[in-house]
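Listed here are the chains, written in short residue letters.
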Amino acid sequence: MNGGVERAAEITVVQETVTVTGAVTRDTVLPMFRAIGKADLSRVKTINLERVTTIDSAGTAFIDVMMDRVPGRDACRVIAGGEVSEMLAALHADAGGARRRRRPRLLVRARKKASSAFSILYAYLQLSADVFVLAFFGFFRKMKKRPGATWEQCVRIGVESVMIIGLLSFVIGLILALQSAAQLRQFGANIFVADLLAVSVVREMGPMMTAIIVAGRTGSAIAAEVATMKVTEEMEALTVMGLDPISFVVVPKFHAITLVMPILVTLSIVAAILGGAIVAVNYLDLSPVVFFRQAFNAVGPEEFVMSIVKSLFFAWTIVIIGSFHGFRVTGGADGVGRVTTSAVVASISAVIVIDVVFSMLYLF
Amino acid sequence: MASHAVDVQSLVVEYSGTRVLDGVTCSIDAQNVTCIVGTSGCGKTTLLKTILQLVPAASGSIELLGEDVIEREPEERAELLLQVGVLFQNGALLNSLTVAENIALPLRLHTDLPDEVIARVVREKLEIVNLPGAQNLLPPELSGGMKKRAALARAIVLDPRVVFFDEPSAGLDPVSSARLDMLMLSLKKHLRMTLVVVTHKLSSIFTVADKIVFLDEGHVVFDGTLKAARASDIEVVAHFFDPFEERATEFS
């Protein structure tokens, strides 16, 4: 076999001996590596490096890889000249111990994955239980948390979201009305744009849009905050100071989101209906009084209550998933970024799944 | 006070099946400075965190101020830990709070002291750590050395009997590091605190240590005075305390 750039190195396999000659460096390793891939090394017992003129780290790694492919590596003899032998020892002192780890069998891997998934689920349920219990008791007794923390979180989660939720909901209401108006107009059913808008916004779009925006803004912020506190040992500092990190960090957010989410959903519904009203009045020539009367008649109070209840489930899920991912952070800044992304993805997915469950409840 | 502030017996700690501490037995004398030393990855910080029960032990026992920390219920353990202060490697100050709020936090949560008294205690502690006037700064506005001193002020705000230091010199210039060493000696001398310092910085060890617990690959290989450690013929200990001479011989 012939390997090497400009024939700088050559590798031959003859019966039980592999002979390498020339310069075994990062420039010459690739062709030799390809050559041993095609060669039969099953009977090899000796690797002769006596005629190697130069070897570098890539070269020693290549020799090591080749030895891994030889059956009975321990019995394989390496013959090398003084300088190459020294290089092998210096650059790859642990060559003999650098065995390739055999990949576990499929069933073993599957079992490990399953057990890991169960432990994640268990940890998630445990955190959820802790948060609910601590948050519930937190309403009734003085907890070890920073004074004003809940109010501060209400501002961050609620007040700072007002503009974006209001604006997006208004635009969505506008779009929904425009899309449906074009169809309804053909049948002279202009007035039903109010029904369509009210039902879809109160039942679906209001809570859903709000939850998705809150998941993007607040879910990511919670995950990033908790994860950063964990990697900078702030969580451990809290524990040592006798404070429960869940009570101190997560519960104020849980209380805050419980308080502000219904308000945000109400705002979203109102903004979307206002957006729709603009289309109805200007495009469908409906009077505002008729539009709003029709809209209010289309949805009952129980539907609004159901919507608020649904939004609370969304809110709690966002806080718990954000915290859960934050607590699971490993590593440094890259870990924080990773858990933040996964928290947002998981929160939005969970919100959609919960929405499906509630939609089925509407049916029954 | 017990003559030993901390007693560790046959402690085993494992992370995902890998044994990090393997039968560690050592003691920390009260009102002394004990340095837990060893090369990177030998288990020093894990030992510290296990004593504080931030990391669970697989087996063994730990007595902190005469009480078994492993067997205690979490609430009782939290009470016990109020007698302990910790200076974490990066200070671990809460970034959303000012320095004064950080230092006052344990007082606000564990005492009924009026605000005026709390403010006075905070000022006193800041004086002790040579950070007067830093009350209203946020942690990101502090230098590395100032952060550590502010964190130390928080660690000693409840007048703990034992203070743990995790790599206090990490990331500090020699002057700030020496200043922190002097602070440690001052805490020991004037406030009669027991100090446990996890470090591998020789200058700090030579300045503050009364006793050395030397860890190597999860085992205690030396437990004795600094003087005895420097004279030790245990290879890894001798190599640690005289690394430059060893290197020079190796390459000559």
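For the structure given in this document, a descriptive report is provided here. (Residues numbered from 1 in each chain as written. Chains lettered and ligands numbered in written order. Predicted model: local features only at pLDDT ≥ 70, side-chain atom pairs only at ≥ 80, totals over all residues. Heavy atoms only, no water.)

1. Focus: the overall build of chain A
- Secondary structure assignment for chain A yields 12 helices and four strands.
- Scaling as 2.2 N^0.38, a compact globule of 364 residues should have a C-alpha radius of gyration of about 21 Å, whereas chain A reaches 33 Å, well beyond that.
- Overall, the C-alpha framework of chain A stretches about 95 × 60 × 35 Å when taken along its three principal axes.
- Looking at the 364 residues of chain A, the share that counts as buried comes to 46%.
- Long-range contacts, defined as pairs at least 24 residues apart, comprise 80% of the intrachain contacts of chain A with a sequence gap of at least 6. (Helix = DSSP H or I, 4+ residues; strand = E, 2+ residues; numbered from the N terminus. Rg over C-alpha atoms; globule rule 2.2 N^0.38 Å. Buried < 20%, exposed > 50% of the residue type's maximum accessible area, 1.4 Å probe, protein only. Contact = heavy atoms within 4.5 Å.)

2. Section: a nonpolar patch on the surface
Residue and element names in this part refer to chain A.
- Residues Ile-352, Val-356, Met-360, Leu-363 and Phe-364 make up a contiguous nonpolar surface patch of about 590 Å² in total accessible area.
- Tracing the backbone through its elements, the reader meets Met-360 in helix α12 (residues 333-363).
- For Met-360, a relative accessible area of 45% translates into the label partly exposed. (Patch = residues over 30% accessible without salt bridge, like charges linked within 9 Å, V, L, I, M, F, W, Y side chains within 5 Å. Areas by Shrake-Rupley, 256 points an atom, 1.4 Å probe, with all protein chains shown as cover. Salt bridge = Lys/Arg side-chain N within 4 Å of Asp/Glu carboxyl O.)

3. A look at helix α1 (residues 44-51) of chain B
Residues and elements named next belong to chain B.
- The buried fraction of α1 is high, at seven of eight residues.
- Considered for burial, the residues of α1 that qualify are Lys-44, Thr-46, Leu-47, Leu-48, Lys-49, Thr-50 and Ile-51.
- Looking one or two residues beyond α1, the residue adopting positive phi is Gln-53, at roughly 60 degrees.

4. Side note on the side chain of Asp-181 of chain B
Residue and element names in this part refer to chain B.
- Among the secondary structure elements, Asp-181 is positioned in helix α6 (residues 174-191).
- Lys-201 is the oppositely charged side chain nearest to the buried, salt-bridge-free Asp-181, at an N-O distance of 7.2 Å.
- A polar contact is formed between the side chain of Asp-181 and the side chain of Ser-204, at a distance of 3.1 Å.
- Setting aside anything within four residues of it in sequence, one finds Asp-181 in contact with Ser-204, Thr-207 and Val-208. (Lys, Arg positive; Asp, Glu negative; His and termini not counted. Polar contact = N/O pair within 3.5 Å; in protein donor to acceptor, adjacent residues only side chain to side chain.)

5. Quick notes on the interface of chain A and chain B
- Each partner contributes to the interface: chain A provides 16 residues, whereas chain B provides 23 residues.
- At the boundary of chain A with chain B, total buried surface from both sides reaches about 1,700 Å², with 66% on carbon and sulfur atoms.
- If you sort the residues of chain A by the area they bury against chain B, Glu-233, Val-240 and Met-241 of chain A come out on top, with a joint share of 37%.
- Its salt-bridge partner being Lys-49 of chain B, residue Glu-233 of chain A comes within 3.2 Å of it at the nearest N-O pair.
- Counting residues per element, the side of chain A that touches chain B draws most heavily on helix α8 (residues 234-240) of chain A, at six residues.
- Taken together, the residues of the side of chain A that touches chain B sort by class into seven nonpolar, three polar and six charged. (Buried area = accessible area lost by both parts, 1.4 Å probe. Nonpolar A, V, L, I, M, F, W, Y, C, P; charged D, E, K, R; others polar.)

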